[in-house]
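A look at the structure
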2 protein chains.
Amino acid sequence: MDHPFDADTAVEAAGDHLYAATITDRWNGIGIRPNGGYALVVCLQALRRSMPFPDPFAISAFFLRPTAAGPALVTTEIARVGRRVATGEARLSQNGVETVRAVATFTDLAAATGRTLVIGAPPAPSPPPGAVDPLGGASVPGITIADRFEYRMAEMPGWAKGQPSGAPSFLFWMRFKEPRDADVFALPLLVDAAFPAVMEIGELGSSTLEMTVHVRGRPAPGWLACRVATRYVVDGYHEEDFEIWDSAGRIVAQSRQLALLPPRPACVRE
Amino acid sequence: MDHPFDADTAVEAAGDHLYAATITDRWNGIGIRPNGGYALVVCLQALRRSMPFPDPFAISAFFLRPTAAGPALVTTEIARVGRRVATGEARLSQNGVETVRAVATFTDLAAATGRTLVIGAPPAPSPPPGAVDPLGGASVPGITIADRFEYRMAEMPGWAKGQPSGAPSFLFWMRFKEPRDADVFALPLLVDAAFPAVMEIGELGSSTLEMTVHVRGRPAPGWLACRVATRYVVDGYHEEDFEIWDSAGRIVAQSRQLALLPPRPACVRE
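Residues numbered from 1 in each chain as written. Chains lettered and ligands numbered in written order. Predicted model: local features only at pLDDT ≥ 70, side-chain atom pairs only at ≥ 80, totals over all residues. Heavy atoms only, no water.

Here we look at the overall build of chain A
Rules: Numbering of helices and strands runs from the N terminus; a helix is a DSSP stretch of H or I covering at least four residues, while a strand is a stretch of E covering at least two. What the globule rule says is 2.2 Å times the number of residues to the power 0.38, and the radius of gyration is computed from C-alpha atoms. Two residues qualify as a contact provided that any one of their heavy atoms is within 4.5 Å of a heavy atom in the partner residue. Each accessible area is a Shrake-Rupley result for a 1.4 Å probe, and residues are judged covered by the shown protein chains and nothing else.
Tallying secondary structure elements over chain A gives three helices and 16 strands in all. For 270 residues, the compact-globule formula gives about 18 Å, and the C-alpha radius of gyration of chain A, at 18 Å, lands near that figure. Summarising its shape, the C-alpha atoms of chain A cover approximately 50 × 45 × 40 Å along the three principal directions. In chain A, 69% of the contacts between residues at least 6 apart in sequence involve partners at least 24 apart. Total accessible area on chain A is roughly 10500 Å²; 54% of this is exposed by carbon and sulfur atoms.

Here's the deal with the nonpolar core
Operational definition: Put simply, a nonpolar core is a bunch of buried Ala, Val, Leu, Ile, Met, Phe, Trp, Tyr and Cys residues held in one set by side-chain atoms that sit within 4.5 Å of each other. Relative accessibility decides the category of a residue: with a 1.4 Å probe and only protein chains considered, values under 20% of the type maximum give buried, values over 50% give exposed, and everything between is partly exposed.
In this structure, F149, F172 and I244 of chain A together with F149, F172 and I244 of chain B are the most contacted members of the largest nonpolar core, which totals 153 residues. Residues contacting I244 of chain A, with those up to four places away along its chain left out, are L187, L190, V191, L224, A225, C226, R250, I251, V252 and A253 of chain A.

Concerning the interface of chain A and chain B
Selection criterion: The term buried area means the drop in 1.4 Å probe accessible area that two parts suffer when joined, counted for both and summed. When a carboxyl oxygen of Asp or Glu is within 4 Å of a side-chain nitrogen of Lys or Arg, the pair counts as a salt bridge.
Across the boundary between the two partners, chain A contributes 63 residues, which contact 63 residues of chain B. When the two sides are added together, the surface that chain A and chain B hide from each other amounts to roughly 5400 Å², 55% of it contributed by carbon and sulfur. Taken as a group, R115, R216 and Y232 of chain A account for 15% of the area that chain A buries against chain B, more than any other trio of residues on that side. For the salt bridge of R101 of chain B with E89 of chain A, the shortest nitrogen-to-oxygen distance reads 2.8 Å.

Details of the confidence of the model for chain A
Should the pLDDT be low somewhere, the predicted coordinates at that spot are not to be read in detail. Short version of the rule: The predictor attaches a confidence to each residue, called pLDDT, with possible values from 0 through 100.
For chain A, the mean per-residue pLDDT works out to 95, and 97% of the residues sit at or above 70. Reported for the predicted complex are a pTM of 0.97 and an ipTM of 0.96.

Side note on the side chain of Q45 of chain B
All names here are of chain B. This is how the line gets drawn: Two N or O atoms count as a polar contact when they lie within 3.5 Å, although within protein this holds only if one can serve as hydrogen donor and the other as acceptor, and sequence-adjacent residues are included solely when both atoms are side-chain atoms.
Mapping Q45 onto the fold places it in helix α2 (residues 36-47). A polar contact of 2.7 Å, which involves the side chain of Q45, links it to the side chain of R48. Not counting residues up to four positions away in its chain, the partners in contact with Q45 are T9, V11 and F185.

Details of the relation of the copies chain A and chain B
Stated formally: Alignment of the copies relies on least squares applied to C-alpha atoms, considering only residues that score at least 70 for pLDDT in both.
Each copy of the sequence occupies a distinct position, and chain A is placed on chain B by a rotation of 180° and an axial shift of 0.0 Å, giving an RMSD of 0.0 Å. Taken together, the rotation and translation describe the operation of a two-fold axis. A shared binding surface is used by both copies, with 100% of the interface residues of chain A retained as interface residues in chain B.

Describing the pairing of strand β8 (residues 97-107) of chain B
All names here are of chain B. Heads up, the rule is: A strand pair is defined by DSSP finding two or more bridges across the two strands.
Taken across its 11 residues, β8 has 10 buried, putting it largely inside the fold. Examined bridge by bridge, strand β5 (residues 55-63) and β8 share eight bridges and lie antiparallel to one another. Opposite I59, over in β8, you have A104 as the bridge partner. Across 10 bridges, the pairing between strand β7 (residues 85-94) and β8 is antiparallel. When the sheet's bridge partners are listed, A86 is paired in β8 with F106. Count of turn residues in the β7/β8 antiparallel hairpin: two residues, of which N95 carries a positive phi of about 50°.

What to know about the environment of L64 of chain A
With respect to the helices, strands and loops of the structure, L64 of chain A is situated in the loop between β5 (55-63) and β6 (70-81). Separated by 33 residues in the primary sequence, L64 of chain A and V97 of chain A have C-alpha atoms spaced 9.6 Å apart. In contact with L64 of chain A, not counting residues within four places along its chain, are E98, T99 and R101 of chain A together with A79, R80 and T87 of chain B.

Describing the side chain of Q254 of chain A
Position of Q254 of chain A among the secondary structure elements: in strand β16 (residues 251-260). Once you skip the residues sitting within four places of it in the chain, Q254 of chain A turns out to touch T212, V213, H214, R216, F242 and E243 of chain A together with R231, Y232, E239 and R256 of chain B.

Some thoughts on the packing of aromatic side chains
Quick reminder of the rule: Any two of the Phe, Tyr and Trp rings considered here, Trp counted by its six-membered ring, make a pair once their centres fall within 6.5 Å; the pair's planes then place it as stacked at under 30 degrees, edge-to-face at over 60, or tilted in between.
A complete count under the given rule lists 28 aromatic pairs over all chains for this structure. A centroid spacing of 5.5 Å and a plane angle of 50° characterise the contact between F5 of chain A and F176 of chain A, whose relative ring orientation is tilted. With F5 of chain A in helix α1 (residues 4-9) and F176 of chain A in strand β11 (residues 169-176), this residue pair connects regions lying 171 residues apart in the sequence. Ring geometry for F172 of chain B and F242 of chain B: centres 5.9 Å apart, planes at 80°, overall edge-to-face. Pair noted here: F172 of chain B is in strand β11 (residues 169-176) and F242 of chain B is in strand β15 (residues 237-245), with a separation of 70 residues, a long-range link. When sorted by exposure, F172 of chain B lands in the same class as F242 of chain B, which is buried. Taken together, the ring pairs in this structure connect F5, W27, Y38, F149, Y151, W159, F170, F172, F176, F195 and F242 of chain A into an aromatic cluster.

Structural data, given as structure tokens:
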């Protein structure tokens, strides 16, 4: 039986540069709706069919409308195929309405041979002894994506104790709960599949307008160490930066998203 | 007479969602070719014609091929118009060949009213007393974009003294040399119009594959304080993060680009 990630991101050719997919309810995040990173991976699975290179590399997705569980179509187009990289576009639609537009450059990461220089130390490759599950082993009603992953932190974060720290950044480790090592196609989902940094400033979530993912390497098997941070909340909009490091201590993904905080109930308006 | 920025980014309607532009040689950067951020602004000037909102907000550009001085066409398409944001796409081509593909969400930044929380202190709003021009007042042959801006730093950087510091990050201030305050359309150029952070690790430049710009506010008049940093050079590819703060101490733009270092001559290969 296919792993849920493979089964739920699969696409089937349905015409010239046209693919059929079924969005499931097993990756629901904030708002009890399919996670944006999940919908993006479906786009990339369609795009890879026309790509001469194996690795999604630089990816930008605009989330135009919420994607819903149910059938979807993805149209793809190739903008340029070069010697080293190729770029194309994918549009996911449901009932004739576009919900996600993604542009992505693919490459062969194994063929890159230039200089390497990493500023700063990598995080620990796996959770430290005594690490805790910030969800305490519980499911979150409706948020099915939390059932697909295991999360570990050095200690319970403020938001999980009802006492947000006020500092919207943290380090954690994650991996698929149903065993499967993450690959380059899982990374664009993983960067969007954890707790928003803004939970440490008392927010319960936010809606992503745009997300850019740079896949910097093919991940080694095992835990993935993740750093997430928000620095600038301006008039309700904020960025979220996400880094993923593999168990070999190499950075494998960087992402940034621009997101909108939900309006606050009038009773707690600042 | 129009300011060079306005004259050189102007577009003229040439059909249904089709605009004509003239790329000039006054914004040449690395490689003595028109700067990517400049070509991106031409795309945005075309896209704004169909947008119900005034401010480019979340922008992603893929640089497919070098853009050259000379005539260009921009085709635009609107993906979605919502109550708060609208998203569209622009493709710049020369002689029938696409060189830049950009997707952008526009909004009305003045209408955003949510929470604001900034982590960390803003940089000084203008250059400190005794600040220096890292170019020493000289022109750089062929790099005409350096004639369009004034740059200031607290002291001469390592790369300008032929002694790269090894730390690819720095703070500087910039503004148009021919007087004009920067607006939201200038920001996507400015984030790409200064010295690459990798000059502090001995590199002379790099080629941008993809750049994402988030315009976080309308800049106040005056100097703009810029922070630029590269943290991860992996197999020849690196990200560059760029922040722009206005003279009122507010963050007005964040960008990240993924770029490729040029191959090194065999005699200095590491």
